[in-house]
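Descriptive analysis of the structure
As a plain string of letters, each chain reads:
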Amino acid sequence: MSDSIEKIGVMVLEPQAALLQKLCDITSCIWGEDEVLPRMSAKECAYANKLLDFEVVVVRATFARSSPLIESALIDSFARGAHIIILQDTGRKLSEYGTVSMGRLHMMSDKASDQDLMDLLTLCKIRSIVNL
C-alpha cells in the first residue's frame, strides 16, 4: 500500500440531520465525492482524519469547539493542506453575512446564502487544482 494518502474531497461535520443534508447537497454540486460524517463522535472524526485526506472540511463553529479531538483533527487537516470552512452559528461573528478568508481558513456566517457557500466551495476547488 502506498504511503501517500489520496485527497478525497469534502468532509462535512454536522450533527443536525437537516442541515447536514443541505450541506452535502451543496458540496456535491462542486465535488463529485464527499465523506459524510453525521452525528459522529470525536474519536470517529480523529480516526477518519488519520485514514483520509480531505481537500475541504466544513464544520459548524459550536461543533468544532465541542471536542479537543475534533479541534486536533481540524488542525491536522489544515496542516496537510485542507481548506477549513467554519460556519459561524454563534452570537459573535467575524462577518455577519459574508465570508472572511485567511489563506485556507474560511469563516462564514450562518446567515450567508447557499450561493455564497457554493461560491466559496468553488474557490476552494480552484485553489486545490492550482496547487496540484
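To keep things clear, this report deals only with the structure shown in the data block.

A few words now on the pattern of salt bridges. If charged atoms from side chains of opposite charge come close, those side chains can pair. Inspection of every chain in the model, using the stated rule, returns 2 salt bridges. Between Asp114 and Lys22 there is a salt bridge whose closest N-O contact spans 3.2 Å. With Asp114 in helix α5 (residues 114-131) and Lys22 in helix α1 (residues 17-30), this residue pair connects regions lying 92 residues apart in the sequence. Of the residues examined, Lys22 reaches a relative accessible area of 40% and is grouped as partly exposed.

We describe a pair of aromatic rings using the distance from one ring centre to the other and the angle between the two ring planes. In total, this model carries 0 aromatic pairs according to the counting rule given. Between Arg104 and the ring centre of Phe78, over which it is positioned, the NZ or CZ distance is 4.2 Å.

The next subject is the pairing of strand β6 (residues 105-109). Counted residue by residue, β6 has 4 buried out of 5 residues, so it is predominantly covered. Bridge analysis of strand β4 (residues 83-88) against β6 gives 5 bridges, and the strand direction is parallel. Bridge pairing in β6 places Ile86 opposite Met107. Direction of pairing for strand β5 (residues 99-102) relative to β6: antiparallel, over a ladder of 4 bridges. If you follow Val100 over to β6, its bridge partner there is Met107.

What follows deals with the side chain of Ser128. Mapped onto the secondary structure, Ser128 falls in helix α5. Exposure remark for Ser128: the relative accessible area of 12% places this residue in the buried category. Ignoring sequence-local partners within four residues, the contact set of Ser128 consists of Glu55 and His83.

Its location among the elements puts Gly103 in the loop between β5 and β6. Expressed as a C-alpha distance, the spacing of Gly103 and His83, which sit 20 residues apart in the sequence, is 8.3 Å.

The end-to-end C-alpha separation of α1 is 21 Å, in line with the 20 Å expected for 14 residues at 1.5 Å each. Every buried residue belonging to α1 is among Leu20, Leu23, Cys24, Ile26 and Thr27, and all of these are buried. All buried residues of α1 lie within an arc of 165° about the axis, which places them on one face of the element. When the buried face of α1 is taken as reference, the exposed residues oriented beyond 90 degrees from it are Ala18 and Cys29.

Let us look at the nonpolar core. Formed by 17 residues in total, the largest nonpolar core has its most connected members in Val56, Val58, Ile85, Leu117 and Leu121. Those residues in contact with Val56 that lie beyond four places of it in its chain are Gly9, Val10, Met11, Trp31, His83, Ile85, Leu121 and Cys124. One finds Leu13, Val59, Ala73 and Met107 within the second-largest nonpolar core, a separate group that totals 16 residues.

Here is what the cut-offs are and how they apply
- Residues numbered from 1 in each chain as written.
- Predicted model: local features only at pLDDT ≥ 70, side-chain atom pairs only at ≥ 80, totals over all residues.
- Heavy atoms only, no water.
- Salt bridge = Lys/Arg side-chain N within 4 Å of Asp/Glu carboxyl O.
- Helix = DSSP H or I, 4+ residues; strand = E, 2+ residues; numbered from the N terminus.
- Buried < 20%, exposed > 50% of the residue type's maximum accessible area, 1.4 Å probe, protein only.
- Phe/Tyr/Trp six-rings, centres within 6.5 Å; stacked < 30°, edge-to-face > 60°.
- Lys NZ or Arg CZ within 6 Å of the ring centre and 35° of its normal.
- Pairing = 2+ DSSP bridges.
- Contact = heavy atoms within 4.5 Å.
- Expected span 1.5 Å × (residues − 1).
- Arc of directions from axis to C-beta.
- Core = buried A, V, L, I, M, F, W, Y, C linked by side-chain atoms within 4.5 Å.

Remember that the coordinates give geometry; whether it matters functionally is a separate question.
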